Amino acid sequence: MILYKTVQDIRSQIKTLKEKNQKIGFVPTMGALHEGHLSLIRQSKQHADATVCSIFVNPTQFNDIKDFEKYPITIEKDIMLLEREKVDILFLPTVAEIYPDGTKEVKHYELGYLENILEGKYRPGHFQGVCQVVHRLLEIVQPDALFMGQKDYQQCMVIKKLLEIEHINTNLIIVPTKREEDGLALSSRNVRLSDDAKEEALAIYKTLNHIKNNIQLASFEELTQNGEAYLLNNGFSKVDYVSIADANTLEPVEKYVAGQKLVALIAAFKDPVRLIDNMTIN
Ligand code: AMP
């Protein structure tokens, strides 16, 4: 694995790969890598000739400064894991490399309603930050395929929109969520939870399963309200949303219609950590 820290250096290597007609797979991350990230890398290794992974904790996507400051950093372990997966290139830029003109005067993306619902509603500015960093990274890496996790469902839809509005010719491949054996979705933020808190955090997965299994048996209002109550009664301090939405558009859905693909989504605080998860319902 070759590690690049500057845009100039990685660009010249990308140019060489392109000249050799190598298909490039790209996995952007914020580090603190776990099996979820590695599943994206394995998909890229299968699809592409060269796999590029980036590790960059993007300041512009954090609406909560404490979340940014406490974001776990495990760079030595990450490098070891990426070497083991035989990743070809690791891009490890500084903030100045990604935002040479600073983080204040950054581009604004027209994301429409996607920006103001669910995560967008509770994390103002978050998806603008995600688009700023992903757009910049895509310009640098110029991948044929971009691998992202279903774990961040709305993020995948936002990036799909980004590729459309910026006319970027990269194939977005969405990889299913990796979970612990008991069902807890893997997340870098899980390291901030005690073992007991992790066990309690399973209430999110249980709620999603309950919604899925009862989708035709109860009203959506009942399912989401009961879900929220269940989380609050089982160790969660605050629930941002329990929502059932159209799986293609993320628009809220009020009742079951045969054939409509749905997704149930949850964001809730298992103090001090905000956790998100989702489950598709066909
Ligand atoms: P992050 O480092 O949290 O920005 O995540 C980098 C990429 O890994 C994103 O595309 C995430 O959706 C994806 N990812 C995070 N957790 C998981 C998981 N449990 N399963 C699959 N992909 C994941």
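Everything discussed here concerns the structure shown above.
Residues numbered from 1 in each chain as written. Predicted model: local features only at pLDDT ≥ 70, side-chain atom pairs only at ≥ 80, totals over all residues. Heavy atoms only, no water.

### Some details on the nonpolar core
By size, the foremost hydrophobic cluster in this structure holds 46 residues, and its most contacted members are Ile 159 and Leu 250. Those residues in contact with Leu 250 that lie beyond four places of it in its chain are Leu 114, Ile 117, Leu 118, Tyr 153, Gln 154, Met 157, Ala 245, Val 263 and Leu 265. Among the nonpolar cores identified, the runner-up in size contains 26 residues, and Ala 201, Ile 204, Phe 220 and Ile 244 belong to it. (Core = buried A, V, L, I, M, F, W, Y, C linked by side-chain atoms within 4.5 Å. Buried < 20%, exposed > 50% of the residue type's maximum accessible area, 1.4 Å probe, protein only. Contact = heavy atoms within 4.5 Å.)

### What about the packing of aromatic side chains?
Tallying each qualifying case throughout the model produces four aromatic pairs. On the basis of an interplanar angle of 45° and a centroid distance of 6.4 Å, the ring pair of Phe 56 and Tyr 99 is categorised as tilted. Of this pair, Phe 56 sits in the loop between β3 (50-55) and α3 (65-69) while Tyr 99 sits in the loop between α5 (95-98) and α6 (119-122), and the two are 43 residues apart along the sequence. Residue Phe 56 is classed as buried on the basis of its relative accessible area, which comes to 6%. Under the relative-accessibility criterion, Tyr 99 is labelled buried at 7%. (Phe/Tyr/Trp six-rings, centres within 6.5 Å; stacked < 30°, edge-to-face > 60°. Helix = DSSP H or I, 4+ residues; strand = E, 2+ residues; numbered from the N terminus.)

### What about the site of the ligand?
Close contacts around the ligand come from 17 residues, with Met 30, His 37, Asp 152, Lys 178 and Leu 186 the closest. Here an oxygen atom of the ligand sits 2.9 Å away from a polar atom, N or O, in the main chain of Gly 149. Between the ligand and Leu 186 there is a distance of 2.8 Å, counted from a nitrogen atom to a backbone nitrogen or oxygen. For the ligand, whose unbound accessible area comes to 490 Å², protein coverage reaches 93%. Among the elements that take part in the shell around the ligand, helix α2 (residues 35-47) stands out by supplying three residues, more than any other. (Near = heavy atom within 4 Å. Polar contact = N/O pair within 3.5 Å; in protein donor to acceptor, adjacent residues only side chain to side chain. Areas by Shrake-Rupley, 256 points an atom, 1.4 Å probe, with all protein chains shown as cover.)

### Regarding the packing of helix α1 (residues 7-19) against helix α7 (residues 126-141)
In contact at an axis separation of 8 Å, α1 and α7 are set at 50° when each is read in the N-to-C sense. What the angle tells us is that α1 and α7 run oblique. Contacts between α1 and α7 involve Val 7, Ile 10, Arg 11 and Ile 14 from the first element and Arg 136, Glu 139, Ile 140 and Val 141 from the second. Among the residues making up the contact of α1 with α7, the classes are represented as five nonpolar, no polar and three charged. (Axes fitted to C-alpha atoms, helices over the stretch in contact; angles between N-to-C directions. Parallel < 35°, antiparallel > 145°, perpendicular 65-115°, else oblique. Nonpolar A, V, L, I, M, F, W, Y, C, P; charged D, E, K, R; others polar.)

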